[in-house]
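# Chain and residue survey
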Amino acid sequence: MNTLSEFPTAPELAVTRWFNTGANLTLADLRGEVVVIEAFQMLCPGCVSHGLPQAKRIQHVFGDDVTVLGLHCVFEHHEAMTPVSLEAFLYEYRITFPVGVDAHDAGVALPITMGRYQLRGTPSLVAIDRAGRIRLSAFGQADDMAVGATLARLIDEPRPGAAA
């Protein structure tokens, strides 16, 4: 069994633009909250059929106990996945949680945050505990029961600095 100190600290997000929020969100600002990041591409069949619906279910079931963030990680078909297209996609698919566009370094195919988290592709789901540690990283279709059980444990953990 892992001790909490064995879990890696979640790297900060590198986002060029946010949708569905007026704020420029950072993980530092969200410290103390349980955070789920759903990394997706709008032209990814697995994202549309599994990843995003699961993120919407998490938002619905856990409500204010979990902060759900989308991360649009474009690593192919760049011309088709513009911010204008993404805005229409979010509206059509009724995605209401904040979604950030992962930044790119010039000449590098993989988006910055995707690389920082060593994600293998999309869809990917990352769960971060209240202390900012990665407690779950899943690629592909993540099992609802396993994700729900992990999130329930993270919600039950005390906030950092709280008396035991």
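Above: the structure in question.
Residues numbered from 1 in each chain as written. Predicted model: local features only at pLDDT ≥ 70, side-chain atom pairs only at ≥ 80, totals over all residues. Heavy atoms only, no water.

Moving on, we come to the packing of aromatic side chains. Applying the stated criterion to the full structure yields 2 aromatic pairs. A centroid spacing of 6.2 Å and a plane angle of 20° characterise the contact between Phe-40 and Phe-89, whose relative ring orientation is stacked. A residue pair is termed long-range when its members are at least 10 positions apart, and Phe-40 in strand 2 (residues 34-40) and Phe-89 in helix 2 (residues 83-92) qualify at 49 residues. The structure contains a cluster of three or more aromatic residues connected by ring pairs, namely Phe-40, Phe-89 and Tyr-93. Sitting over the face of the ring of Phe-7, Arg-135 holds its NZ or CZ atom 4.7 Å from the ring centroid. (Phe/Tyr/Trp six-rings, centres within 6.5 Å; stacked < 30°, edge-to-face > 60°. Helix = DSSP H or I, 4+ residues; strand = E, 2+ residues; numbered from the N terminus. Lys NZ or Arg CZ within 6 Å of the ring centre and 35° of its normal.)

Relative to each other, helix 1 (residues 45-62) and helix 4 (residues 144-156) sit at 40°, their axes nearing to 12 Å. The angle between the axes of helix 1 and helix 4 places the two elements in the oblique class. Remark: the crossing between helix 1 and helix 4 carries right-handed chirality. Across the interface between the two elements, Gln-54, Arg-57, Ile-58 and Phe-62 from helix 1 touch Asp-144, Val-147, Gly-148, Leu-151, Ala-152 and Ile-155 from helix 4. Looking at the contact of helix 1 with helix 4 residue by residue, the class counts come to 6 nonpolar, 2 polar and 2 charged. (Axes fitted to C-alpha atoms, helices over the stretch in contact; angles between N-to-C directions. Parallel < 35°, antiparallel > 145°, perpendicular 65-115°, else oblique. Left-handed = near helix turned anticlockwise from the far one by under 90°. Contact = heavy atoms within 4.5 Å. Nonpolar A, V, L, I, M, F, W, Y, C, P; charged D, E, K, R; others polar.)

A word on the pattern of salt bridges. Considering all chains together, one arrives at 4 salt bridges under this definition. Salt-bridge contacts for Arg-57 lead to Asp-144; the nearest nitrogen and oxygen are separated by 3.0 Å. One end of the pair, Arg-57, is in helix 1; the other, Asp-144, is in helix 4, with 87 residues separating them in the sequence. Residue Arg-57 is classed as partly exposed on the basis of its relative accessible area of 39%. Where Asp-129 meets Arg-133, a salt bridge forms, and the shortest distance between an N and an O atom there is 2.9 Å. Residues Asp-129 and Arg-133 agree in their burial class; the two are buried. (Salt bridge = Lys/Arg side-chain N within 4 Å of Asp/Glu carboxyl O. Buried < 20%, exposed > 50% of the residue type's maximum accessible area, 1.4 Å probe, protein only.)

Core analysis: the largest hydrophobic core is formed by 28 residues, its most contacted members being Phe-40, Ile-58, Val-66, Leu-86, Leu-90 and Leu-151. Counting residues per element, the ones that place at least two in this core are strand 2, helix 1, strand 3 (66-72), helix 2, strand 4 (99-102), strand 5 (124-128) and helix 4. Of the residues forming this core, the biggest block, 5 residues, is contributed by helix 1. Look past the residues within four positions of Ile-58 in its chain and what remains in contact with it is Val-36, Gly-63, Val-66, Val-68, Leu-125, Val-147 and Leu-151. Ranked by size, the runner-up nonpolar core spans 18 residues in total, among them Val-35, Leu-69, Val-126 and Ile-134. (Core = buried A, V, L, I, M, F, W, Y, C linked by side-chain atoms within 4.5 Å.)

A few words on the sheet that holds strand 4. Neighbouring strands of a sheet are bound in pairs by backbone hydrogen bonds; such pairs are parallel or else antiparallel. Strand order in the open sheet formed by 6 strands is 1-4-3-2-5-6, and the pairing between neighbours is mixed. The outermost strands of the open sheet, each flanked by one partner alone, are strand 1 (15-19) and strand 6 (134-139). Across the sheet, the axes of successive neighbouring strands diverge by a mean angle of 20°, strand direction being ignored. Where strand 2 lies against strand 3, 7 bridges are found, and the strand directions are parallel. Counted as the bridge partner of Phe-40 is His-72 from strand 3. Across the sheet, helix 1 is in contact with strand 2, strand 3 and strand 5; its angle to strand 2 comes to roughly 160°. Strands in contact with helix 2 are strand 1, strand 2, strand 3 and strand 4; relative to strand 1, the strand with the most contacts, it is inclined by about 35°. (Pairing = 2+ DSSP bridges.)

Attention shifts here to unusual backbone geometry. The amide bond that connects Thr-122 to the next residue, Pro-123, takes the cis arrangement and shows omega of 0°. Among the secondary structure elements, Pro-123 is positioned in the loop between helix 3 (112-116) and strand 5. The phi dihedral of Asn-20 is positive, around 65°, even though this residue is not glycine. Along the polypeptide, Asn-20 turns up in the loop between strand 1 and strand 2. The exposure class of Asn-20 is partly exposed, given its relative accessible area of 39%.

Keep in mind these numbers describe shape, not what the thing actually does.
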